[in-house]
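Each chain, letter by letter, is given below.
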Amino acid sequence: MEYKKNDRVTLTIEDMGSDGEGIGKVDGFTLFIKDAVIGDQVEAKIIKSKKHYAYARLEKVLQPSPFRVEPKCAYHRQCGGCQLQALSYSEQLHFKEQKIRNNLIRIGGFDAEYIDERMQPIVGMEEPFHYRNKAQYPIGTDRDGNVITGFYAGRTHTIIANTDCALGASENQQILETILSYMRKNKVTAYDEVTGKGLVRHVLIRKGFTSGQLMVCLVINKKMTKMSYPTAGVQKNTNEFLPNQGELLAALAKIQGMTSVSVSINAEKTNVIMGTMIHNLWGESTIEDTIHVRDMQKENYPYTGDALTFKISPLSFYQVNPVQTEKLYSLALEYAGLTGEETVWDLYCGIGTISLFLAQKAKKVYGVEIVPEAIADAKNNAKINGIENAEFFVGKSEEVLPEYYEKYAKEHPGEHAHADVIVVDPPRKGCEENLLRTMADMQPDRIVYVSCDSATLARDLKILQELGYEVKKVRGVDQFPMTCHVETVVLLSKGEVDSKKIRV
């Protein structure tokens, strides 16, 4: 039977797609239904129909799945940020584990038995809510002209008014209500994307979960004269960027943990949230946080006693889930198997978080990152933690490492550059093939691949195994509960690859 737009169907959800959508069939015709979870019996309305499949909107849950739970947030369907909030947390972990496994088999070409022998249980959270240490809230107006904040509805720029996100730090609501109250009282305008007018565009909130320190940065649409612009970086500035600015600063200063208040200038018509210039208005220009090393071999992953402290500015890259970041980086450190004698390369190193973890156990660490500000942060973080055996380079990893390899070969005829361990933590697009080949050419004993996208991970692992590196361990880390995203850590080692267990 052929189904068309606006047809209503009743079906049972038998599977879930990589983006968390429910998948079911009617008369052999496949439907993808957002907000339906595996096991649900639902009524759905087709919104887009193709020859062999269709997308449908969930109209009613006729028989809820045993895995369905009551979402914490009333706006989760509209917002779209928490694709899995109606799914029990234990089943979320199972879904993510299967997502990694299926990608490695389907895209990587690995035999199912081969992967199952190497996969370790996914690392979840005890409390999978209020885990984000960073949030960026757009400021706008509702239909009645009232200033509001919240999050954009899925695939739109329509703001859903909500100051109490279930994933954000608990202090966020008080901070946002304070800012909205100030704006209403002082008639401070919200930015309008269509007209380009209005003052306040976004509010960035960051929290150091260990330190308890809070940072607020208001992104404002304000043209500055050349005379009032500092040359670079974060500058203490007492200029009046906002009407009756002192009232807002005094109110924010009363919030427990408040450490830093600043503004970011962004007068461009762009979807980029932050401007490049930060003016510090009150308190410090940074906050601090500490990441502890955990023993990933023991139950509940206890602290080992090792820790690193990081300074975080409004523009710093820093993992948004500090509890899981400790587990993720500790797992990468465990897989690296360091004894104190190794030379390590950390590619896509960011502000040096993994690099500095490794440096505590390695002879020498080289970090590479394309963002100059991140490398400046990495060097500063090394200094803060008294680490002297880490060196950082600005540039693309896919250019820096091959150039280093070629230069070494020219300067040392008959020899090749060697690394004992290479750690790689690329963006979602994964690694370029020339980088993977250079990594293999350096013949490290171990490669630790940290991935935020198991599809591109699977593609890259297929190349690495063809270059002589065998997958030894695979483990998921749930860095983003309630969403479809999952981090994966993989250990590869040099040696003979068992071709019988890898599909060609």
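No experiment lies behind these values; they were computed from the predicted model shown. (Residues numbered from 1 in each chain as written. Predicted model: local features only at pLDDT ≥ 70, side-chain atom pairs only at ≥ 80, totals over all residues. Heavy atoms only, no water.)

Comments concerning helix α5 (residues 245-253)
Next, step 1: What α5 keeps buried is the set Q245, L248, L249 and L252. Down the axis, α5 shows its buried residues gathered within 95° of arc, on one side only.
Next, step 2: Tucked inside the fold, the buried residues of α5 contact α4 (172-185), β11 (214-220), β13 (258-265) and β14 (277-283). (Buried < 20%, exposed > 50% of the residue type's maximum accessible area, 1.4 Å probe, protein only. Helix = DSSP H or I, 4+ residues; strand = E, 2+ residues; numbered from the N terminus. Arc of directions from axis to C-beta. Contact = heavy atoms within 4.5 Å.)

Let's talk about the environment of M442
Next, step 1: Of note, M442 is situated in the loop between α10 (433-441) and β21 (446-451).
Next, step 2: On the basis of relative accessible area, M442 is assigned to the buried category, the value being 0%.
Next, step 3: As for M442 and N385, which are separated by 57 residues in sequence, their C-alpha atoms are 29 Å apart.
Next, step 4: In contact with M442, other than residues within four places in its own chain, are W345, L401, Y404, Y405, H416, A417, H418, A419 and I422.

Description of the packing of aromatic side chains
The description of an aromatic ring pair rests on the distance of the ring centres and on the angle between the ring planes.
Next, step 1: Overall, the coordinates contain 13 aromatic pairs when judged by the stated rule.
Next, step 2: Ring plane angle 5° and centroid distance 5.7 Å describe the contact between F110 and Y114, whose orientation is recorded as stacked.
Next, step 3: Arranged with centres 4.8 Å apart and planes meeting at 55°, the rings of W345 and Y404 form a pair that is tilted. Of this pair, W345 sits in strand β17 (residues 343-347) while Y404 is found in helix α9 (residues 397-411), placing the two residues 59 residues apart along the sequence.
Next, step 4: Ring-pair connections join several aromatic residues into one group, and the members of that group are W345, Y366, F393, Y404 and Y408.
Next, step 5: Directly above the aromatic system of F209 lies the positively charged group of K207, at a separation of 5.1 Å from the ring centroid. (Phe/Tyr/Trp six-rings, centres within 6.5 Å; stacked < 30°, edge-to-face > 60°. Lys NZ or Arg CZ within 6 Å of the ring centre and 35° of its normal.)

Some thoughts on the sheet that holds strand β1 (residues 8-16)
Next, step 1: A barrel is described by the order of its strands in space; here 5 strands give the closed sequence β1-β2-β3-β5-β4, paired in mixed fashion. Ignoring which end each strand starts from, the neighbouring axes of this sheet average 50° apart.
Next, step 2: Two elements, β1 and strand β2 (residues 22-26), share 3 bridges in a ladder whose sense is antiparallel. Along β2, the bridge assignment pairs I13 with G24. (Pairing = 2+ DSSP bridges. Axes fitted to C-alpha atoms, helices over the stretch in contact; angles between N-to-C directions.)

Quick word on the sheet that holds β17
Next, step 1: A sheet is described by the order of its strands in space; here 8 strands give the open sequence β6-β22-β23-β21-β20-β17-β18-β19, paired in mixed fashion. Only two strands of the sheet have a single neighbouring strand rather than two, namely β6 (119-123) and β19 (390-394). In this sheet, adjacent strand axes meet at a mean angle of 15° when their direction is disregarded.
Next, step 2: Relative to β19, strand β18 (residues 364-369) is paired through 5 bridges, and the arrangement is parallel. Counted as the bridge partner of G367 is F392 from β19.

Some words on a nonpolar patch on the surface
Next, step 1: On the surface, I47, Y53 and Y55 cluster together into a nonpolar patch covering about 250 Å² of accessible area.
Next, step 2: With respect to the helices and strands, the residue Y55 is situated in strand β5 (residues 53-63). (Patch = residues over 30% accessible without salt bridge, like charges linked within 9 Å, V, L, I, M, F, W, Y side chains within 5 Å. Areas by Shrake-Rupley, 256 points an atom, 1.4 Å probe, with all protein chains shown as cover. Salt bridge = Lys/Arg side-chain N within 4 Å of Asp/Glu carboxyl O.)

Examining the packing of α9 against α10
Next, step 1: Two numbers describe how α9 lies on α10: the axes approach to 9 Å, and their chain directions differ by 35°. In this structure, α9 crosses over α10, and the sense of that crossing is left-handed. Judged by residue contacts, S397, E398, L401, P402 and Y405 of α9 engage N434, L435, T438, M439 and D441 from α10.
Next, step 2: By residue class, the composition of the contact of α9 with α10 is 5 nonpolar, 3 polar and 2 charged. (Left-handed = near helix turned anticlockwise from the far one by under 90°. Nonpolar A, V, L, I, M, F, W, Y, C, P; charged D, E, K, R; others polar.)

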